[in-house]
Structures are given as C-alpha cells and as structure tokens.
Amino acid sequence: AQSVTQLDSQVPVFEEAPVELRCNYSSSVSVYLFWYVQYPNQGLQLLLKYLSGSTLVKGINGFEAEFNKSQTSFHLRKPSVHISDTAEYFCAVSTGFQKLVFGTGTRLLVSP
Amino acid sequence: EPEVTQTPSHQVTQMGQEVILRCVPISNHLYFYWYRQILGQKVEFLVSFYNNEISEKSEIFDDQFSVERPDGSNFTLKIRSTKLEDSAMYFCASTRDTGSYGYTFGSGTRLTVV
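Now for a quick tour of the structure. (Residues numbered from 1 in each chain as written. Chains lettered and ligands numbered in written order. Predicted model: local features only at pLDDT ≥ 70, side-chain atom pairs only at ≥ 80, totals over all residues. Heavy atoms only, no water.)

Scanning chain A from N- to C-terminus turns up zero helices and twelve strands. The C-alpha atoms of chain A give a radius of gyration of 13 Å, which matches the 13 Å a tight globule of 112 residues would have. In terms of its C-alpha atoms, chain A occupies a principal-axis envelope of roughly 40 × 30 × 20 Å. Within chain A, buried positions represent 48% of all 112 residues. With an accessible surface of roughly 5400 Å², chain A has 50% of that area assigned to carbon and sulfur atoms. The distance from the centre of the 8 positive side-chain charges to the centre of the 8 negative ones in chain A is 10 Å. (Helix = DSSP H or I, 4+ residues; strand = E, 2+ residues; numbered from the N terminus. Rg over C-alpha atoms; globule rule 2.2 N^0.38 Å. Buried < 20%, exposed > 50% of the residue type's maximum accessible area, 1.4 Å probe, protein only. Areas by Shrake-Rupley, 256 points an atom, 1.4 Å probe, with all protein chains shown as cover. Lys, Arg positive; Asp, Glu negative; His and termini not counted. Charge placed at Lys NZ, Arg CZ, Asp CG, Glu CD.)

All names here are of chain A. Here the structure, examined in full by the defined rule, presents nine salt bridges over all chains. Taking the shortest distance from any N to any O, the salt bridge between Arg 77 and Glu 20 comes out at 3.9 Å. With Arg 77 in strand β9 (residues 73-78) and Glu 20 in strand β3 (residues 19-21), this pair connects stretches of sequence that are 57 residues apart. For Arg 77, a relative accessible area of 25% translates into the label partly exposed. Residue Lys 78 is joined to Asp 85 by a salt bridge in which the shortest nitrogen-to-oxygen separation is 2.8 Å. As far as the burial class goes, Lys 78 and Asp 85 line up, both buried. Through salt bridges that share partners, Glu 20, Lys 58, Glu 64, Glu 66 and Arg 77 make up one connected network. (Salt bridge = Lys/Arg side-chain N within 4 Å of Asp/Glu carboxyl O.)

Residue and element names in this part refer to chain A. In this structure, Trp 35, Leu 48, Leu 76 and Tyr 89 are the most contacted members of the largest nonpolar core, which totals 30 residues. When residues of this core are traced back to their parent elements, those giving at least two are β2 (10-14), β3, β5 (32-38), β6 (44-50), β8 (64-68), β9, β10 (87-94) and β12 (106-111). Considering every element that reaches this core, the biggest residue donor is β10, with four residues. Every residue in contact with Tyr 89, bar those within four places of it in the chain, is listed here: Gln 6, Leu 21, Trp 35, Tyr 36, Val 37, Leu 47, Phe 63, Leu 76, Gly 105, Thr 106 and Leu 108. (Core = buried A, V, L, I, M, F, W, Y, C linked by side-chain atoms within 4.5 Å. Contact = heavy atoms within 4.5 Å.)

This brings us to the pairing of strand β7 (residues 65-68) of chain B. Alignment of β7(B) against strand β8 (residues 75-79) of chain B, held across four bridges, turns out to be antiparallel. In the strand pairing of β8(B), B:Ser66 is matched with B:Lys78. (Pairing = 2+ DSSP bridges.)

Each neighbour pair has its own omega, and for B:Thr7 with B:Pro8 the value is -10°, a cis peptide bond. Turning to its location among the elements, B:Pro8 is positioned in the loop between β1 (5-7) and β2 (10-13). One non-glycine residue, A:Thr72, adopts positive backbone phi at about 45°. By the secondary structure assignment, A:Thr72 is in the loop between β8 and β9. Its identity as a non-glycine residue notwithstanding, B:Asn51 has a phi of 55°, on the positive side. Inspection of the secondary structure assignment puts B:Asn51 in the loop between β5 (43-50) and β6 (53-57). Its relative accessible area of 58% is what places B:Asn51 among the exposed residues.

These figures come from the coordinates and say nothing about function on their own.
Below, the structure is given as structure tokens:
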C-alpha cells in the first residue's frame, strides 16, 4: 500500500520569499505523484504531476517540484510567493488507475 | 478546458434521510471516483468505478453507500440513511486511463447532515 507524509501542517512565509512544501511517499511499486491546491471553500486543482522522465516538474502559478527516488520525496517549491498563494496544498500518489492517496495537507500562509 | 460538474454545490439533509450526490464526469473519461473531506481533515478515497462496476472501495464505503452510472453520463453517490458524521465535502473525480493524464476533480458538494 502507498502512503504520503506531509510533515509540515502549516508553513508561514512572507510575500516574495521562497517556499518549499515537503512531501515524502512510501510505495513498493512505481508511482505517479501529484500536487493539488485547495483555495478556501473551493475544490481541488491540479498544480503539477510527475509521471516519468525529467525529475523536475513545472506546474501552474510558478510552482515546481522535484522527484527524488532515492529519498522518496516530491517537494514543492516556489521561488517567490504571493498573498494569493495562501491555500491548502496536498501531495498525492497513485500507482495508475487506482485511487489517489493524499497526504494530510500543508497550509501555506503568506503574509505581507 | 473540460470540467467535472457536481450538483448540488451544497445540500442540507436531516439525519436518516437518503441523499444522492450527482456528478457529470468528462465525456471521454473511463474511470470515476468519489472522495470525501471532512472539515479540516485530509481528502479520503471512497470508491472507484470502471466498466460499470466498483473496482475498489474503502472501509468508509459501507452498505449505506452506493454508486451508479445510470445513463452513461451521470455518476451518482447515494447515501441511504445519513448520519451526522457523513457531513463532509464530497468530490467526484474522473480520469481517462490508468492515471497517465491525471485526475480531474469537480468542485465538490458540501453535505450537511442535521
């Protein structure tokens, strides 16, 4: 079975500062990896995904993530955050058409 | 861009009543899912559906829950006798194949059981 760990429940950061949201996964088979964002009172929006190929994946809104197989990590980064990036961020894994397994989420709080 | 549409956006129901949550997946998608998110908690898998049958379900998806694709376009989640603890945001999702293209989520139905 797969599992996802997001160690940071909340990450406060000032506007224009860089941020990294951590995600580690556990799986005995190859996985697909995803980051979703949830703005207040809204649904889940896909930020980016890793399926294969280049380990550095670029997504929407200036976010990127790097797949590190040896460390079983898929950390999300942004070089300069905006107030509008304040949201809940979920890392998820899948082994294919099967279910997505989500982490517990990291709340990113951007302040001026 | 194609969307997964969920209706209603918010439903209030009395404990013990039956509710049906509706979803219209993207038309060429073949795999369908329901997830739920209790307020302040993580998103949890409920059930996956392919080729008109359940392919996997979680422990949460007990006999009170059922899914159906009645007409080839809608995908419904029925809760036969709602409990207070069923209050949550319910998300429908679909994908075209074995996850290669990612999953598209609907905007959710907030179910409140009173």
